[in-house]
Amino acid sequence: MESMKLQEIIVVEGKDDTVAIKLAVDADTIETNGSAVNAETIEKVKLAQSTRGVIIFTDPDFPGERIRNILTEAVPGCKHAFLPKHKALPKRGKGLGVEHASRKDIREALKEAQLMQEESVEIVTISELQQLGLTAGVGSREKRERLGGILKIGYANGKQLHRRLMVFGISLEDFREAIKQL
């Protein structure tokens, strides 16, 4: 099978993630070494973004989201790869992370990140999310969870959903198509 070569540098949390990425694709990584993202790491990510582009690929948990948010704020324009929680579980034992994902799932997440639109012409509004019952009310959490799976952006709470749709470059058309699938 032909190896997938990535121009972008992939930002991951640690060494085990780098190992998993390099087994799945031909790519360079920057490790944040946990959720305490320091100024030196941010500078590396800024340089990488300006020269080759960056794909942020953190674990689908709270620390991973924290890292993603810090970097998104500090380094605009990064692409985002995401793994649903069920694809980031270890075969045995406890934990959750990119390092536990299959090579196929890692490649799919990275391919999806590369295909994301840089910016959408029309964006989903907060009032549209409210009207569709995604931000408050009975069953809104379950709807957001299913929507996150369909759009491959993961679960987000009501406040995070609008921001995540924008970060991932989800067009209004793709959003409405996903709503039909709900």
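Rules and cut-offs
Residues numbered from 1 in each chain as written. Predicted model: local features only at pLDDT ≥ 70, side-chain atom pairs only at ≥ 80, totals over all residues. Heavy atoms only, no water. 1 Å grid on protein atoms, 1.4 Å probe; cavity = no way out; pocket = protein on both sides within 12 Å on 5 of 7 lines; lining within 4 Å. Points joined across faces, edges and corners; volume = space filled by probe spheres on them. Helix = DSSP H or I, 4+ residues; strand = E, 2+ residues; numbered from the N terminus. Nonpolar A, V, L, I, M, F, W, Y, C, P; charged D, E, K, R; others polar. Pairing = 2+ DSSP bridges. Buried < 20%, exposed > 50% of the residue type's maximum accessible area, 1.4 Å probe, protein only. Contact = heavy atoms within 4.5 Å. Polar contact = N/O pair within 3.5 Å; in protein donor to acceptor, adjacent residues only side chain to side chain. Axes fitted to C-alpha atoms, helices over the stretch in contact; angles between N-to-C directions. Parallel < 35°, antiparallel > 145°, perpendicular 65-115°, else oblique. Left-handed = near helix turned anticlockwise from the far one by under 90°. Arc of directions from axis to C-beta.

Chemist: Describe the layout of surface pockets, listing the residues and the values that go with them.
Modeler: Reported here for the largest pocket is a volume of approximately 430 Å³. Lining the largest pocket are 18 residues, and of these Pro-60, Lys-85, Gly-154, Tyr-155 and Arg-164 lie nearest its centre. Contributing elements (two or more residues each) for the lining of the largest pocket: helix 3 (62-74), helix 6 (140-151) and helix 7 (158-167). Ranked by the residues each element gives to the lining of the largest pocket, the list is headed by helix 6, at four residues. Taken together, the residues of the lining of the largest pocket break down into five nonpolar, seven polar and six charged.

Chemist: Residue-level account of the sheet that holds strand 2 (residues 29-31), with values.
Modeler: Spatially, four strands are ordered 2-1-3-4 in an open sheet, and the strand pairing comes out parallel. Of all the strands in the sheet, the pair left with one neighbour each is strand 2 and strand 4 (79-80). Relative to strand 4, strand 3 (residues 54-56) runs parallel, the two sharing two bridges. Paired with Ile-56 across the bridge in strand 4 is His-80.

Chemist: Which residues make up the environment of Asp-17, and what values do they have?
Modeler: Structurally, the position occupied by Asp-17 is in helix 1 (residues 15-24). Given the relative accessible area of 3%, Asp-17 is considered buried. In this structure the C-alpha to C-alpha distance between Asp-17 and Gly-77, which are 60 residues apart in sequence, comes to 22 Å. Not counting chain neighbours up to four residues away, the residues in contact with Asp-17 comprise Val-12, Asp-59, Val-98 and Glu-99. Within the structure, Asp-17 has its side chain in polar contact with the backbone nitrogen of Glu-13 (distance 3.3 Å).

Chemist: Outline the packing of helix 3 against helix 7, supporting the account with residue identities and numerical values.
Modeler: Here helix 3 crosses helix 7 at 60°, and the two axes come no closer than 13 Å. Taken together, the axes of helix 3 and helix 7 are oblique relative to one another. As helix 3 runs across helix 7, the sense of the crossing is left-handed. Between helix 3, through Glu-65, Asn-69, Thr-72 and Glu-73, and helix 7, the contact on the second element is made entirely by Arg-163, Arg-164 and Val-167. For the contact of helix 3 with helix 7, the residue count by class is one nonpolar, two polar and four charged.

Chemist: I'd like to hear about the pairing of strand 1 (residues 9-12), residue by residue, with values.
Modeler: Of the two faces of strand 1, the one lined by Ile-9 and Val-11 and the one lined by Ile-10 and Val-12 are each fully buried. In terms of strand pairing, strand 1 meets strand 3 through three bridges, oriented parallel. Across the sheet, Ile-10 pairs through a bridge with Ile-55, a residue of strand 3. In the sheet, strand 1 pairs with strand 2 via three bridges, with the strands oriented parallel.

Chemist: Hey, could you go over helix 8 (residues 172-181) for me, with residue numbers and the actual values?
Modeler: Among all positions of helix 8, only Leu-172, Phe-175 and Ala-178 are buried. The buried residues of helix 8 all sit within an arc of 125° when viewed along its axis, so they share a single face. More than 90 degrees from the buried face of helix 8, the exposed residues found are Glu-173, Lys-180 and Gln-181.

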